[in-house]
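# A closer look at the structure
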Amino acid sequence: MKWNDDWRIELVETDYDCYERLCECRNTKADIYRIARIMCKYNQTMSVEDCLIRTLEWLGDWNGQYNLVDISLSEYENLVNRLKAILKR
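Reference entry: report on the structure contained in this document. (Residues numbered from 1 in each chain as written. Predicted model: local features only at pLDDT ≥ 70, side-chain atom pairs only at ≥ 80, totals over all residues. Heavy atoms only, no water.)

## Regarding the overall build of the chain
Within the chain, the secondary structure is distributed over 6 helices and 0 strands. Going from N to C terminus, the chain has its helices and strands arranged as α-α-α-α-α-α. Against the 2.2 N^0.38 benchmark of 12 Å for 89 residues, the chain shows a C-alpha radius of gyration of 12 Å, consistent with a compact globule. Viewed in the frame of its principal axes, the chain has a C-alpha envelope of about 30 × 30 × 25 Å. Put simply, the chain has 13 plus and 16 minus side-chain charges, and the middle of one group is 5 Å from the middle of the other. (Helix = DSSP H or I, 4+ residues; strand = E, 2+ residues; numbered from the N terminus. Rg over C-alpha atoms; globule rule 2.2 N^0.38 Å. Lys, Arg positive; Asp, Glu negative; His and termini not counted. Charge placed at Lys NZ, Arg CZ, Asp CG, Glu CD.)

## A short note on the packing of helix α1 (residues 7-14) against helix α3 (residues 29-42)
For the pair α1 and α3, the least separation of the axes is 9 Å and the interaxial angle reads 130°. Our classification of the angle between α1 and α3 gives oblique. Between α1 and α3 the crossing geometry is right-handed. Taking contact as the criterion, the partners of Trp-7, Glu-10, Leu-11 and Thr-14 in α1 are, on α3, Ile-35, Ile-38, Met-39, Lys-41 and Tyr-42. (Axes fitted to C-alpha atoms, helices over the stretch in contact; angles between N-to-C directions. Parallel < 35°, antiparallel > 145°, perpendicular 65-115°, else oblique. Left-handed = near helix turned anticlockwise from the far one by under 90°. Contact = heavy atoms within 4.5 Å.)

## Looking at the packing of aromatic side chains
Using the criterion set out here, one finds 3 aromatic pairs in the structure. Seen from their ring centres, Tyr-16 and Tyr-19 are 6.1 Å apart, and the 45° between their planes marks the pair as tilted. You can see Tyr-16 and its partner Tyr-19 sitting in helix α2 (residues 16-23), 3 residues apart, about one turn around the helix. For the ring pair Trp-58 and Trp-62, a centre distance of 5.1 Å and an interplane angle of 65° mean the geometry is edge-to-face. Highlighted residues: Trp-58 and Trp-62, both in helix α4 (residues 48-62), separated by 4 residues, approximately one helical turn. Trp-62 sits in the partly exposed class, given a relative accessible area of 48%. Sitting above the plane of the Tyr-33 ring, Arg-82 keeps its charged end 3.8 Å from the centroid. (Phe/Tyr/Trp six-rings, centres within 6.5 Å; stacked < 30°, edge-to-face > 60°. Buried < 20%, exposed > 50% of the residue type's maximum accessible area, 1.4 Å probe, protein only. Lys NZ or Arg CZ within 6 Å of the ring centre and 35° of its normal.)

As far as function goes, none of this settles anything; it's purely spatial.
This is the structure we're talking about:
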């Protein structure tokens, strides 16, 4: 499973503030959806769930924002449903 991480280029161009927070490891809950949505766009062979999990790993494990990604099951399901609705997957 190879991931396309070019989504970061679009993030810089379309939502620089979110990109800056990503670089500074200070994202917000709303950024989880923003990043996952763009990640899904660039990784269409991956499931929405896989993209969301990778986003949570990126923000939590790789960026050390553990409190941010400590979300409830209902928050996770809400994010999955929102992503599926917009991406029609």
